[in-house]
Amino acid sequence: MIERIYILESVDPVAFYGVNNVHMQLIKTLFPKLRIVARGNVMKIIGDEDELDIFIKKVREIEEYCEEYNALTEEVIVDIVKGNPSAAMKKQDNLIIHGVGGRPVTARSANQQKLVKSFEENDLIFAIGPAGSGKTFVAIALAVRALKNKQVRKIILSRPAVEAGEKLGFLPGEMKDKLDPYLQPLYDALLEMIPTAKLKEYMENSVIQIAPLAFMRGRTLNDAVIILDEAQNTTPHQIKMFLTRLGLRAKMIVTGDITQIDLPPSMNSGLVEAVRILSRVHGIGKVAFTKKDIVRHKLVRHIVDAYEKHDERRIVRETKSTTKA
């Protein structure tokens, strides 16, 4: 009889062991010849060497499944231990990652798929299009996938703190409390892809950083996926500062909707200018999303369409009025 130690390194022990340790009890049942004691992320196993080797191999496979799919069921544990192919393990078309609870996060439209391909081929990508087209969600999914695959060491998410009708100074609390509402959409996307406990750990260890654009000044961002969201609300100076933060072994995705610019009328959008200036630079990708890519409630597409028609009519009226004058 010999003793081995197995340490769960990549998953939350609570998710691995299951509610009331039901997964762990099942594993013990499937390996009746072994004595298994689990505390925290450490398992102590006592038994014959051959049986221990099989146990370690199978537990590692179960841990890898739990990490990839963010979920674990008794059926999957039995399938892995018995060596049976599981329907849950089959790859889904256009899959990016599995989110919380095993929900597949996929590229659902042609342009979302184009963004995935552009991310693989370029170190800087502009993803521009209407609200609800999934550009930010897919960008964050790609960043999480790169982190899980150990292609990068951190994810950095940023937004300009530009007021869309509300005034920052009237929000309650300290500066962090005032800025959090601007960054909440980024938290929301991350919570769909990373279990809460793991996300908290990542953020406490600065593996995932979420910060306003102004906090990027002076940094060189290496070994990271860097995402700038709502970039239409940057000034030319701000976006130039952000783009030049790109470091070694890093990738950057810039997302925005040029129909929703909240800057003062006298101020130019940095996103519009950057796309024009960098249009011929090799190694920069651009994906233009359209209304057809909108994946929110079906009414969102109709709302966007109605506002576009309203703006077109307003421009025509203003043009006629100017001509008469």
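Trainee: Provide a residue-level description of the overall build of the protein chain, including the pertinent values.
Mentor: On a plain count of helices and strands, the protein chain comes out with eleven helices and eleven strands. Residues classed as buried in the protein chain amount to 45% of the 325 residues present. A separation threshold of at least 6 residues defines the contact pool for the protein chain, and within that pool the share at least 24 residues apart is 70%. Taken as a whole, the protein chain presents about 18,300 Å² of accessible surface, with 53% of it coming from carbon and sulfur.

Trainee: Go over unusual backbone geometry with me, naming the residues and quoting the values.
Mentor: Unlike most non-glycine residues, Lys150 shows phi in positive territory, near 60°. Along the chain, Lys150 falls in the loop between α6 (135-148) and β7 (154-159). Since its relative accessible area comes to 68%, Lys150 is described here as exposed. Phi is positive for Asp223, close to 50°, though the residue is something other than glycine. Among the secondary structure elements, Asp223 is positioned in the loop between β8 (208-212) and β9 (224-228).

Trainee: Summarise the sheet that holds strand β3 (residues 42-47); cite the residues concerned and give the values.
Mentor: With antiparallel pairing, the three strands of this open sheet are ordered in space as β1-β3-β2. Each edge of the open sheet is held by one strand with a lone partner, namely β1 (2-7) and β2 (35-39). With strand direction ignored, the average angle separating the axes of adjacent strands in the sheet is 15°. Across six bridges, β1 lies against β3 in antiparallel orientation.

Trainee: Account for the pattern of salt bridges, with residues named and values stated.
Mentor: One pass over the full model with this rule turns up eleven salt bridges. In this structure, Arg103 engages Glu192 in a salt bridge whose closest nitrogen and oxygen atoms are separated by 2.8 Å. With Arg103 in the loop between β4 (95-98) and β5 (104-106) and Glu192 in helix α7 (residues 175-193), this residue pair connects regions lying 89 residues apart in the sequence. The class of Glu192 is partly exposed, set by a relative accessible area of 37%. The salt bridge involving Lys198 is made with Glu201; its shortest N-O contact spans 3.7 Å. Taken together, the residues span about one helical turn, with Lys198 and Glu201 both in helix α8 (residues 196-204) at a distance of three residues. Note on Glu201: relative accessible area 37%, which makes it partly exposed. In this structure, a network of salt bridges that share partners links the residues Arg153, Asp223 and Arg249.

Cut-off values and rules
Residues numbered from 1 in each chain as written. Predicted model: local features only at pLDDT ≥ 70, side-chain atom pairs only at ≥ 80, totals over all residues. Heavy atoms only, no water. Helix = DSSP H or I, 4+ residues; strand = E, 2+ residues; numbered from the N terminus. Buried < 20%, exposed > 50% of the residue type's maximum accessible area, 1.4 Å probe, protein only. Contact = heavy atoms within 4.5 Å. Areas by Shrake-Rupley, 256 points an atom, 1.4 Å probe, with all protein chains shown as cover. Pairing = 2+ DSSP bridges. Axes fitted to C-alpha atoms, helices over the stretch in contact; angles between N-to-C directions. Salt bridge = Lys/Arg side-chain N within 4 Å of Asp/Glu carboxyl O.

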